[in-house]
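# Report on the structure
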Amino acid sequence: MITISAKLSDARGLKVFHIVLQRGFHVDTESGRSIADVLTDVGVPRDYIDNRLNTVFLEGKPVDNMDTAVVHDGAIVALSAAMPGLVGAAFRKGGFYSTLRSGITHAADEIGETHTPTPAQISFKLYNFTAPEIGPLFLTQGIIVDAVALQEAFRNEAALVRESFTDILFDGRPTDMDTFLNGSWTPEAEPVRFRLKIPEHEAP
């Protein structure tokens, strides 16, 4: 798997990733950890986890408590801010109408101290406001994503990419913008590891 990195020089360039973050990407973690723990590792503030992430799904099941919802290798987690209407109210985390979907709600998992962590890769999908709000945190940590989908997103916003991205590296080697946008990165259907350097999110 190749690793691609770039530096963001204009915050407008984050728009390029919204569709990619919604369709889904992978992150490395450990099995047996809670969704809340994984998000904290990425840098998502606890207040955001508790109060902004109103709708959470793990393997297609709504989650009421992210501290007791445990991920394993291959798990799919979908995150959203509040959704409108009765459906949104029913799926809202710990909401008044959550009893309406009690039969499909994700049951709390036991997190034991005897658990031996093993490497795992899980998928995230970020919907509505969560993509622009916490997507940059995932991007600075690095995501694993389908190469074709990522390059398609860049090509669809080629002018914005040219204005917003610098210091592009393929496996640590400098790459020109034309190759970045139009070259063949990797055999089709293979993922790439992508990391975006965002000045305001960089460690001091």
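Anyway, here's the lowdown on the structure attached to this text. (Residues numbered from 1 in each chain as written. Predicted model: local features only at pLDDT ≥ 70, side-chain atom pairs only at ≥ 80, totals over all residues. Heavy atoms only, no water.)

### Digging into the pattern of salt bridges
- One pass over the structure, following the stated rule, counts nine salt bridges.
- R12 is paired through a salt bridge with D10; the nearest N and O atoms lie 2.9 Å apart.
- Close ionic contact of D41 with R33 constitutes a salt bridge, the shortest N to O distance being 2.0 Å.
- The exposure class of D41 is partly exposed, given its relative accessible area of 45%.
- Accessibility expressed as a relative area gives 23% for R33, which makes it partly exposed. (Salt bridge = Lys/Arg side-chain N within 4 Å of Asp/Glu carboxyl O. Buried < 20%, exposed > 50% of the residue type's maximum accessible area, 1.4 Å probe, protein only.)

### Focus: the side chain of S123
- As for its position among the elements, S123 is in strand 8 (residues 119–126).
- Those residues in contact with S123 that sit more than four places away from it in its chain are F25, H26, A75, I76 and V77. (Helix = DSSP H or I, 4+ residues; strand = E, 2+ residues; numbered from the N terminus. Contact = heavy atoms within 4.5 Å.)

### Digging into helix 6 (residues 147–156)
- A147, A149, L150, Q151, A153 and F154 are the residues of helix 6 that are buried.
- Buried residues in helix 6 make contact with helix 1 (18–23), strand 9 (143–146), helix 7 (158–164), strand 10 (165–170), helix 8 (177–182) and strand 12 (191–197).

### Let's talk about the pairing of strand 4 (residues 55–58)
- The side-chain alternation of strand 4 yields two buried faces, one formed by T55 and F57 and the other by V56 and L58.
- Of the pairings in the sheet, the one linking strand 4 to strand 7 (residues 76–80) comprises four bridges and is antiparallel in character. Paired with T55 across the bridge in strand 7 is S80.
- Examined bridge by bridge, strand 4 and strand 5 (residues 61–62) share two bridges and lie antiparallel to one another. (Pairing = 2+ DSSP bridges.)

### Comments concerning the packing of aromatic side chains
- Per the counting criterion, the structure on display carries ten aromatic pairs.
- With 5.0 Å between their ring centres and 50° between their planes, F124 and F138 make a pair best called tilted. Here F124 is found in strand 8, whereas its partner F138 is found in helix 5 (residues 130–141), with 14 residues between them in sequence.
- Taking relative accessible area as the criterion, F124 reaches 0% and is therefore assigned buried.
- The exposure class assigned to F138 is buried, which follows from its relative accessible area of 1%.
- When the centroid spacing of 6.5 Å and the interplanar angle of 90° are considered together, the rings of F170 and F180 count as edge-to-face. Of this pair, F170 sits in strand 10 while F180 sits in helix 8; the two residues are ten residues apart in sequence, bridging distant segments of the chain. Comparing F170 with F180 shows no difference in burial state: the two are buried.
- An aromatic cluster is built from F17, F154, F165, F170, F180 and F194, whose rings are joined through pairwise contacts. (Phe/Tyr/Trp six-rings, centres within 6.5 Å; stacked < 30°, edge-to-face > 60°.)

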